[in-house]
Amino acid sequence: MDGRAHVSLRSYAQTDTTHAHDWHQLVLPVVGAHAVALGNVSGTVESGRGVLIASGLPHSYRGLGENCFVVLDIPREARRNQGLPEAVWRPAMTQPFFPIDDGLNRFANYVAHEMQNSALDAAAEHHVVSLLIHALTRRLNAARTPPAVARAVELIHANYAEPFSVAELAAAVGLSASTLHERFRAAMECGPGEYAMNVRLDHAERLLRASDLSIAEIAVATGFSDQSALTRSLR
């Protein structure tokens, strides 16, 4: 792979196939179902249930009747905001299946609708990939993430366009800056400042690809002090 995650629309044949691949794979149902077995764990990917197959894990699968799935292939060593934290994919080695809520189901069906007639362009695919990874990470981390860290993540995504310090973020969730940093890194594998920077850069890259705004305007819109600060961070 090229270091980027890619999304596709796939159907699976009704024959047993076994393999492994060196990237993580998210499979979300759109129509029908398919059976998946990973080691001693087996189940069906169907309405209300998805699967996250960790990199390198041998697995077998077989389509069950007419079927269609949104599939996200995620490099293990992915570029910024195109990968999964170890805290998300590591548990999938033993617990690969997960419930799909209504929001994620609606999004998967929207993506499938958009891809039925033609592939997504690079900018749209980047946006879809980032949203899928964020949605998956948020849902799979929900049970394990300390409430203060989860709240900090929500605040970062809601306020990335505004300048704020880690100390201000910590105060907003009722922790000291050092405690937030420690808990955030344990849950998210990076500090809150780095996470906020990645969120801002991801939004900036989307605008660079898909808007007519100048670099200076994009810098202001994504929380950077000026154009120079954005260009330095993109290097």
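What you see is a predicted model, and the numbers here were worked out from it, not measured in a lab.

1. Considering the overall build of the chain
- Scanning the chain for helices and strands turns up nine helices and seven strands.
- Its C-alpha atoms give the chain a radius of gyration of 19 Å, within 12% of the compact-globule value 18 Å for 235 residues.
- Judged by the C-alpha coordinates and their principal axes, the chain covers about 55 × 40 × 30 Å.
- Out of the 235 residues in the chain, the part that is buried amounts to 43%.
- Taking the intrachain contacts of the chain between residues at least 6 apart in sequence as the baseline, contacts between residues at least 24 apart amount to 74%.
- Across the chain, the mean location of the 20 positive side-chain charges is 4 Å away from that of the 24 negative side-chain charges.

2. So, helix α4 (residues 147-159)
- With 13 residues, α4 extends 18 Å between its outermost C-alpha atoms, agreeing within 8% with the 18 Å of an ideal straight helix rising 1.5 Å per residue.
- Turning to α4, its buried residues are A148, V149, A152, V153, L155 and I156. Seen from one end, α4 has its buried residues packed into an arc of 165°, which puts them on one side. Residues of α4 that are exposed and point over 90 degrees away from its buried face: P147 and A158.
- Of the surrounding secondary structure, the elements contacted by the buried residues of α4 are α5 (166-172), α6 (177-188) and α7 (192-210).

3. With respect to the side chain of H34
- Following the sequence through the fold, H34 ends up in strand β3 (residues 23-38).
- Excluding residues that lie within four positions of it along the chain, H34 makes contacts with Y12, V27, G43, T44, V45, Y61, R62, G63, L64 and F69.

4. Observations concerning the side chain of S8
- Among the structural elements, S8 can be located in strand β1 (residues 6-10).
- Within the local environment of S8, its side chain forms a polar contact with the side chain of R10, the two groups lying 2.8 Å apart.
- Residues in contact with S8, not counting those within four places in the same chain, are F69, V70, V71 and M115.

5. Observations regarding the pattern of salt bridges
- Within this structure, the stated rule accounts for five salt bridges.
- In this structure, D101 and R139 form a salt bridge, with 2.8 Å as the shortest nitrogen-oxygen distance. Linking D101 in the loop between β7 (97-99) and α2 (102-115) with R139 in helix α3 (residues 122-141), this pair joins segments that are 38 residues apart in sequence.
- With relative accessibility at 33%, the residue R139 sits in the partly exposed group.
- One salt bridge in this structure joins R106 and D102, with 2.7 Å as the shortest N-O distance.

6. Remarks on the packing of aromatic side chains
- The tally for this structure, following the rule as stated, stands at three aromatic pairs.
- Ring pairing ties together the aromatic residues Y12, Y61 and F69, which thus form one cluster.
- R49 extends its terminal NZ or CZ atom over the ring of F97, reaching a point 4.4 Å from the ring centre.
- In this structure, R200 is placed above the aromatic ring of F164, and the distance from its NZ or CZ to the ring centre is 4.7 Å.

The rules behind the values
- Residues numbered from 1 in each chain as written.
- Predicted model: local features only at pLDDT ≥ 70, side-chain atom pairs only at ≥ 80, totals over all residues.
- Heavy atoms only, no water.
- Helix = DSSP H or I, 4+ residues; strand = E, 2+ residues; numbered from the N terminus.
- Rg over C-alpha atoms; globule rule 2.2 N^0.38 Å.
- Buried < 20%, exposed > 50% of the residue type's maximum accessible area, 1.4 Å probe, protein only.
- Contact = heavy atoms within 4.5 Å.
- Lys, Arg positive; Asp, Glu negative; His and termini not counted.
- Charge placed at Lys NZ, Arg CZ, Asp CG, Glu CD.
- Expected span 1.5 Å × (residues − 1).
- Arc of directions from axis to C-beta.
- Polar contact = N/O pair within 3.5 Å; in protein donor to acceptor, adjacent residues only side chain to side chain.
- Salt bridge = Lys/Arg side-chain N within 4 Å of Asp/Glu carboxyl O.
- Phe/Tyr/Trp six-rings, centres within 6.5 Å; stacked < 30°, edge-to-face > 60°.
- Lys NZ or Arg CZ within 6 Å of the ring centre and 35° of its normal.

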